[in-house]
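# An overview of the molecular structure
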Amino acid sequence: QQAACAGSSARHRLAAMLEAFVEGLVQKYVAPYADVDPEKLCVAARAGNVVLKDLKLKPEKFDALEFPLTVKSGSVGELSVEVSWAALRASPAKVFIKDMYVVVVPRNSEADSKLKAERLKQEAADDLRDDEEARILRVKGVQPPTLREQSFAIRLFSAAVSTLHVSVENVHVRYEDSSSNAENPFAGGFTLDKLEFVTTDANFNPANSAMPLEGIVHKLLQVSGLAMYWQHSMDPWTGPPAPGDNKAGRPYHVVHPLSAEVRLGVNGKGEVTGGAPRVSCEMTVGAAVRVCLDCATMRDIASVVDAAVVNANRARVSLPRPTAPYKEAPGTWWRFAIECVRADVAQRRAGSRPSEVVQAAKQGRAYLALFKKKMLGAIAGGEGLTGEEEGQVK
């Protein structure tokens, strides 16, 4: 009876840990960027069946990501996820995405410094919240999951990922740019009819059951209707380019629609054994690839590259840029340029002082000693870190 109770308690703790893991993924990677109810989404994720329709993306949430592009608008017609938590090894997890349309634009470099400061404040607040939640759990006597349970949960999640079946249909990602070349705004993007990514057997036939984690895991990626277009205007999208349509302002195919198939073989052991490589890849393109570029498109691409270089240089400067025009406040802009040069020189010299190198080496040795003490205490059940030592680690 004691063994049965212990086994039941371990299963309950593992189930609770998996639910917390799923909730963490939903709250961190889905809820902030889509217009959904996090509570309902977490309940559906724990049940293993998530179906979302007419999903709207939150453009303002993508500004916090350190990408040169940001989302202007976006929608997903249908997103569904099917996971059998009770039989992950027997039934593959499935993800279906349909009717996805996203419009991206260049990031406004003027607001990057403000966004970076707000992001740092938010990260500090999140760290404090996590510390407080951990302290409350310790006060309540809630025991953290053991290393064995964590290892089993990670393997269980790896099994779900290794057998993942992804199906994507009707995708359109559009790039609109009116800032790189204000006199000649343009747009471009790619369209996709269908994408399938499945786990297969050794003959690359789709498998209905999970494949073993050991040995060679075979994956098949099939793409159809993948095309890229360009448009020398920002007129609203009215449909894919028509063959022979050379009307000014209309989109035209830079890369004509093509289909492709990629066969992957991944060694589950992560090492070269028996002459089998760690990863083998074979790609087949269904037909000849047709690429067309005109002079105006080359001009647009050059303007995008130039703007990206300017934005990269501006991103290195953390000082707030003046808001007044150059001609109205030349002295302000000269002082800003001088401060930027001084800050850049100071940053380059910061890591080369002997005292700072010695200090970094001491901190590294101290961190290794504290980390070793913490891990040995967790594995052997011995004494962990004190509150002062936890502060030193942070």
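Spatial strand order, β1-β2-β3-β4-β5-β6-β7-β8: eight strands in an open sheet with mixed pairing. The sheet is open, and its two edges are formed by β1 (49-56) and β8 (279-285), each paired on a single side. With strand direction ignored, the average angle separating the axes of adjacent strands in the sheet is 15 degrees.

Attention now goes to the nonpolar core. By size, the foremost hydrophobic cluster in this structure holds 12 residues: L57, F62, V71, V102, V104, Y175, F186, W230, Y252, V254, V255 and L258. Of all the secondary structure elements, the ones that give two or more residues to this core are β3 (94-106) and β7 (252-267). Top element by residues in this core is β7. It accounts for four residues. Once residues within four sequence positions are removed from consideration, V102 is found in contact with L57, V71, S73, G74, H172, V173 and R174.

The subject of this paragraph is the confidence of the model for the chain. When pLDDT is averaged across the chain, the result is 75; 63% of the residues are at 70 or more. Element-level pLDDT for the chain is lowest in helix α4 (residues 147-162), with a mean of 56, against a maximum mean of 91 in strand β4 (residues 165-177).

Bringing the side chain of T297 into the picture now. Tracing the chain through its elements places T297 in helix α5 (residues 295-315). A polar atom in the side chain of T297 sits 3.4 Å from the side chain of H232.

Applying the stated criterion to the full structure yields six salt bridges. The salt bridge involving E176 is made with K72; its shortest N-O contact spans 3.2 Å. Taken as a pair, E176 in strand β4 and K72 in strand β2 (residues 69-82) lie far apart in primary sequence, 104 residues in all. Where R263 meets E261, a salt bridge forms, and the shortest distance between an N and an O atom there is 3.1 Å. Classification of E261 as partly exposed rests on a relative accessible area of 22%. Three or more residues are tied together by salt bridges with common partners; here these are K72, R174 and E176.

As a further point, take the packing of aromatic side chains. If you walk through the whole model with that rule in mind, you get four aromatic pairs. On the basis of an interplanar angle of 20 degrees and a centroid distance of 5.5 Å, the ring pair of F186 and W230 is categorised as stacked. Of this pair, F186 sits in strand β5 (residues 186-200) while W230 sits in strand β6 (residues 216-231); the two residues are 44 residues apart in sequence, bridging distant segments of the chain. W230 carries the same exposure label as F186, and that label is buried.

When you line up the elements, H172 lands in strand β4. Within the structure, the side chain of H172 is placed 2.7 Å from the side chain of Y229, a separation counted as a polar contact. Filtering out sequence-adjacent residues up to four positions away, H172 remains in contact with M100, Y101, V102, F190, T191, Y229 and W237.

With that out of the way, let us pick up the pairing of β7. The two faces of the sheet receive side chains in turn, since in a regular strand these alternate between them. Pairing between β6 and β7: 12 bridges, direction antiparallel. Residue pairing in the sheet places L221 in a bridge with V262 of β7. Of the pairings in the sheet, the one linking β7 to β8 comprises seven bridges and is antiparallel in character. In the strand pairing of β8, V266 is matched with V279.

Take the pairing of β2 next. By the bridge criterion, seven bridges tie β1 to β2 in an arrangement that is antiparallel. Within the sheet, the bridge partner assigned to K53 lies in β2 and is E78.

For the rest of this paragraph, the subject is a nonpolar patch on the surface. Among the surface-exposed residues, M283, V285, V289, V291, L293, M298, I301, V305 and V309 lie close enough to one another that they form a single nonpolar patch of about 790 Å² accessible area. Elements with a minimum of two residues in the nonpolar patch: β8 and α5. Among the elements that make up the nonpolar patch, the one with the highest residue count is α5 (four residues).

Tracing the backbone shows G189 in strand β5. Using a relative accessible area of 13% as the deciding quantity, one classes G189 as buried. Residues G189 and E176 lie 13 residues apart in sequence; the distance between their C-alpha atoms is 8.5 Å. Those residues within four positions of G189 in sequence are excluded, and the remaining contacts are V173, R174, Y175, A227, M228 and Y229.

Reading guide: rules and limits
- Residues numbered from 1 in each chain as written.
- Predicted model: local features only at pLDDT ≥ 70, side-chain atom pairs only at ≥ 80, totals over all residues.
- Heavy atoms only, no water.
- Pairing = 2+ DSSP bridges.
- Helix = DSSP H or I, 4+ residues; strand = E, 2+ residues; numbered from the N terminus.
- Axes fitted to C-alpha atoms, helices over the stretch in contact; angles between N-to-C directions.
- Core = buried A, V, L, I, M, F, W, Y, C linked by side-chain atoms within 4.5 Å.
- Buried < 20%, exposed > 50% of the residue type's maximum accessible area, 1.4 Å probe, protein only.
- Contact = heavy atoms within 4.5 Å.
- pLDDT = per-residue confidence, 0-100.
- Polar contact = N/O pair within 3.5 Å; in protein donor to acceptor, adjacent residues only side chain to side chain.
- Salt bridge = Lys/Arg side-chain N within 4 Å of Asp/Glu carboxyl O.
- Phe/Tyr/Trp six-rings, centres within 6.5 Å; stacked < 30°, edge-to-face > 60°.
- Patch = residues over 30% accessible without salt bridge, like charges linked within 9 Å, V, L, I, M, F, W, Y side chains within 5 Å.
- Areas by Shrake-Rupley, 256 points an atom, 1.4 Å probe, with all protein chains shown as cover.

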